[in-house]
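# Commentary on secondary and tertiary structure
What follows is the residue order along each chain.
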Amino acid sequence: SPHQSNGTSSGAIILAIISLEAFAGVWINAFIVCVLCIGWVKKKTLNSNEKILLHLSCSRISVLCFFWVYSFLYIIYPSYLHVHTILQLLTLFATLFNYSNLWVSASLCVFYCIKIANFRNSFFNYLKVKIDRMVPWLLLGSGILALATAMVSYDFNEFLQSSNLTFTCIGNFKEASIRMDKHFILSFFLIGFGYAASFMAVIFSAVLLLFSLWRHKHNMQTNSMKDLSVEAHIRAMKSILSFLVMYTINFVCLVLTIFYTVTNESFLTLLIYIYLYAFPGVHSLILIFSNPNLEKALIEILSCVKCE
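Where an unreviewed UniProt entry is consulted, the protein appears under the name Taste receptor type 2, with the organism given as Tychaedon coryphoeus.

See the structure below:
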């Protein structure tokens, strides 16, 4: 019918856009991974910033791949998502890498804040001294939180699958509905808490760094010389503020995704996914231009391509 053909064509267009964004995001993050790994081999070590960027890029490549597979099956072969094993594995790994992406992104903002901001506070100075040793623990904590959230999501999908059988029995309908509501609220509370906590970490990092920059420039007004600390503040602020804007939109989209998934608004969910697919690639591109080594490597590659 015309309605079905229109739905098929719109789904194909959305899939094409998502595929393009996923392909670009994977290549951008693969570039970061390659540059960092080459530097790792040459220097035999990675600094704390590079460790976070490497972990972040790997998680973004993974989440883009799993989300693309899910979107492809959702649009082209939706019947495959009714297969219990496929749906559960896709949900588990997509949630794992998505939350790893969110938490490591927040860790990067916290790292910038502690490393660059200046405050006359003993605890903050202690963090500044110990932050390099704390980075592996931040990454480990991000992984554990992402795994815990993925297990909650897996358990929730498992519960939904088993509830379908329970609902077929009319006598147990009310009891199953109550159990499902409680499970539903608990699961979405934990998932929403993960979104909100990482979002608040980004907001606090941006506010503290902005206040530190204002305070530092206020103290340096009488000094006409070029201050490297101000430049570091401004460079970090550009990265964090751009990330804050994108993260805010991303947070809203994630909340809307939960809402539209519950209300079965599949088309609106796919439209939101278009932005969610763009987020890992666009933010990684911002990170490249805010990092001198990555920017230099990109310029060298582009100049070589242009000469050829």
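Okay, back to it.
Below, the discussion takes up the overall build of the protein. Scanning the protein from terminus to terminus reveals eight helices and zero strands. For the protein, the sequential pattern of α-helices and β-strands runs α-α-α-α-α-α-α-α. Counting contacts in the protein only where the partners sit at least 6 residues apart, residues at least 24 apart contribute 76% of the total. For the protein, the exposed surface amounts to about 17,400 Å²; the carbon and sulfur share of it is 71%.

The next subject is the UniProt feature "transmembrane region" (unreviewed entry) in the protein. UniProt records the feature "transmembrane region" (unreviewed entry) at residues 12-41, 53-77, 89-114, 135-154, 184-211, 240-261 and 267-289, using the numbering of this structure. The span residues 12-41 shows a helical share of 100% and a strand share of 0%, and its end C-alpha atoms are spaced 42 Å apart. Here residues 53-77 is 92% helix and 0% strand, with 35 Å between the C-alpha atoms at its ends.

For residues that are not glycine, phi is negative in most cases, and the peptide bond is trans in most cases. Even without glycine at this site, K44 takes up a positive phi of about 65°. Here K44 is to be found in the loop between helix 1 (2-43) and helix 2 (48-75).

As a further point, take the pattern of salt bridges. Inspection of every chain in the model, using the stated rule, returns two salt bridges. Between E50 and K43 there is a salt bridge, with its nearest N and O atoms 3.1 Å apart. Taking relative accessible area as the criterion, K43 reaches 44% and is therefore assigned partly exposed. One salt bridge in this structure joins K115 and D132, with 2.8 Å as the shortest N-O distance. In this pair, K115 sits in helix 3 (residues 84-116) while D132 sits in helix 4 (residues 122-167), placing the two residues 17 residues apart along the sequence. Look at K115 and you get partly exposed, because its relative accessible area is 35%.

For helix 2, spanning 28 residues, the distance from its first C-alpha to its last is 40 Å, which sits close to the expected 40 Å at 1.5 Å a residue. The opening residue of helix 2 is N47, an N-cap whose side-chain oxygen sits 3.2 Å from the backbone nitrogen of N49.

Once that is clear, we can look at the side chain of S71. The residue S71 is located in helix 2 in this model. For S71, a relative accessible area of 2% puts it in the buried group. When neighbours within four sequence positions are excluded, S71 is seen to be in contact with L15, I18 and Y277.

Ranked by size, the top nonpolar core spans 49 residues in total, and within it I52, L108, V202, Y247 and I288 carry the most contacts. Those elements that provide at least two residues to this core are helix 1, helix 2, helix 3, helix 4, helix 5 (173-219), helix 6 (228-262), helix 7 (266-290) and helix 8 (292-307). Setting aside residues no more than four positions away along its own chain, I52 makes contact with V104, S107, L108, F111, V135 and L139. I14, L15, I274 and L276 belong to the second largest nonpolar core, which has 15 residues in total.

Attention now moves to the packing of aromatic side chains. All told, the structure shown has six aromatic pairs when counted by the stated rule. Ring plane angle 25° and centroid distance 5.7 Å describe the contact between F66 and F97, whose orientation is recorded as stacked. With F66 in helix 2 and F97 in helix 3, this pair connects stretches of sequence that are 31 residues apart. F66 sits in the partly exposed class, given a relative accessible area of 25%.

What follows covers the environment of L89. Here L89 shows up in helix 3. Taking the relative accessible area as the measure of exposure, L89 reaches 41% and is therefore partly exposed. Taking the C-alpha atoms as reference points, L89 and F66, separated by 23 residues in sequence, lie 9.7 Å from one another.

Interpretation of the predicted coordinates at a detailed level should be avoided for regions scoring low in pLDDT. When pLDDT is averaged along the protein, the result is 75; 70% of the residues meet or exceed 70. Every residue in residues 165-181 scores below 50 in pLDDT, and together they form 10 contacts with partners more than four places removed in sequence or on other chains.

A cluster of nonpolar residues, I76, Y77 and Y80, forms a patch on the protein surface that exposes about 300 Å² of accessible area. Relative to the helices and strands, Y77 resides in the loop between helix 2 and helix 3. Judged by its relative accessible area of 42%, Y77 is partly exposed.

A few words now on the environment of F289. On the secondary structure map, F289 appears in helix 7. Given a relative accessible area of 48%, F289 falls into the partly exposed group. Distance in space between the C-alpha atoms of F289 and I299 is 9.9 Å, their sequence separation being 10 residues. Sequence-distant contacts of F289, defined by excluding residues within four places in its chain, comprise E295 and L298.

Calculation rules
Residues numbered from 1 in each chain as written. Predicted model: local features only at pLDDT ≥ 70, side-chain atom pairs only at ≥ 80, totals over all residues. Heavy atoms only, no water. Helix = DSSP H or I, 4+ residues; strand = E, 2+ residues; numbered from the N terminus. Contact = heavy atoms within 4.5 Å. Areas by Shrake-Rupley, 256 points an atom, 1.4 Å probe, with all protein chains shown as cover. UniProt positions renumbered as here; feature names shortened; annotations may be inferred. Salt bridge = Lys/Arg side-chain N within 4 Å of Asp/Glu carboxyl O. Buried < 20%, exposed > 50% of the residue type's maximum accessible area, 1.4 Å probe, protein only. Expected span 1.5 Å × (residues − 1). Polar contact = N/O pair within 3.5 Å; in protein donor to acceptor, adjacent residues only side chain to side chain. Core = buried A, V, L, I, M, F, W, Y, C linked by side-chain atoms within 4.5 Å. Phe/Tyr/Trp six-rings, centres within 6.5 Å; stacked < 30°, edge-to-face > 60°. pLDDT = per-residue confidence, 0-100. Patch = residues over 30% accessible without salt bridge, like charges linked within 9 Å, V, L, I, M, F, W, Y side chains within 5 Å.

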